[in-house]
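Overview (structure and organization)
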Amino acid sequence: MAANLAVVDYNIENMEPPILSVEEAIRKSSFFEVPSFIQPKQVGDFSEGMGEANHKILSAEVLYT
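Structural notes, computed from the coordinates. (Residues numbered from 1 in each chain as written. Predicted model: local features only at pLDDT ≥ 70, side-chain atom pairs only at ≥ 80, totals over all residues. Heavy atoms only, no water.)

**Some details on the overall build of the chain**
The condition is simple: In DSSP terms, a helix is any run of H or I states spanning at least four residues, a strand is any run of E spanning at least two, and both are numbered starting from the N terminus. Atoms considered for the radius of gyration are the C-alpha atoms alone. The globule rule reads 2.2 Å times the number of residues to the power 0.38. Note on classification: 1.4 Å probe, protein chains only; a residue is buried when its accessible area is under 20% of the maximum for its type, exposed when over 50%, partly exposed between these limits. We get accessible surface area from the Shrake-Rupley algorithm with a probe of 1.4 Å; when it comes to residues, only the shown protein chains can shield them.
A count of helical and extended segments in the chain gives 2 helices and 0 strands. Relative to the 2.2 N^0.38 estimate, which gives 11 Å for 65 residues, the radius of gyration of the chain is 21 Å and therefore markedly larger than a compact globule would have. Counting only C-alpha atoms, the chain reaches 55 × 35 × 20 Å along its principal axes. Within the chain, the proportion of its 65 residues that are buried is 5%. With an accessible surface of roughly 7000 Å², the chain has 58% of that area assigned to carbon and sulfur atoms.

This is the structure:
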């Protein structure tokens, strides 16, 4: 198979270390913007659906470290 014969050489000289957590991504302002054609279309009323839901999010927290 041709893929087994390929030789790939990466230049890692100017690469930054990988971001391994959401908190680190926030700290470094590193966000992935989802293209509009991938985002789902809104269906229904969000507040009404959350009000009728059997399971509810009672609290949430975003940590910035």
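**Some points on the environment of Glu-24**
What counts, and what does not: Only heavy atoms enter the contact rule, under which two residues are in contact if any of them lie within 4.5 Å.
Tracing the backbone shows Glu-24 in helix α1 (residues 22–27). Here Glu-24 falls in the buried class, since its relative accessible area comes to 16%. Setting aside its immediate chain neighbours within four residues, Glu-24 contacts Pro-18 and Ile-19.

**Considerations on the pattern of salt bridges**
Stated formally: One speaks of a salt bridge when a side-chain nitrogen belonging to Lys or Arg is within 4 Å of a carboxyl oxygen belonging to Asp or Glu.
Taken as a whole and judged by the stated rule, the model has 1 salt bridge. The closest approach of N and O atoms between Lys-28 and Glu-24, which form a salt bridge, is 3.4 Å.

**A few points about the environment of Ala-25**
Note that Ala-25 resides in helix α1. Among all residues touching Ala-25, those that are not within four sequence positions of it are Ile-19, Ser-30 and Phe-31.

**With respect to unusual backbone geometry**
Within the chain, Ser-29 stands out as a residue other than glycine whose phi angle is a positive 50 degrees. For Ser-29, a relative accessible area of 56% gives the class exposed.

**Considerations on a nonpolar patch on the surface**
Spelled out, the test is: Each patch is assembled from residues with relative accessible area greater than 30% and no salt bridge, linking like charges that lie within 9 Å and nonpolar side chains (Val, Leu, Ile, Met, Phe, Trp, Tyr) that lie within 5 Å.
Taken together, the side chains of Val-8, Tyr-10, Ile-12 and Met-15 make up a nonpolar region of the molecular surface, amounting to roughly 520 Å² of accessible area. Here Met-15 shows up in the segment before α1. Owing to a relative accessible area of 57%, Met-15 belongs among the exposed residues under this scheme.

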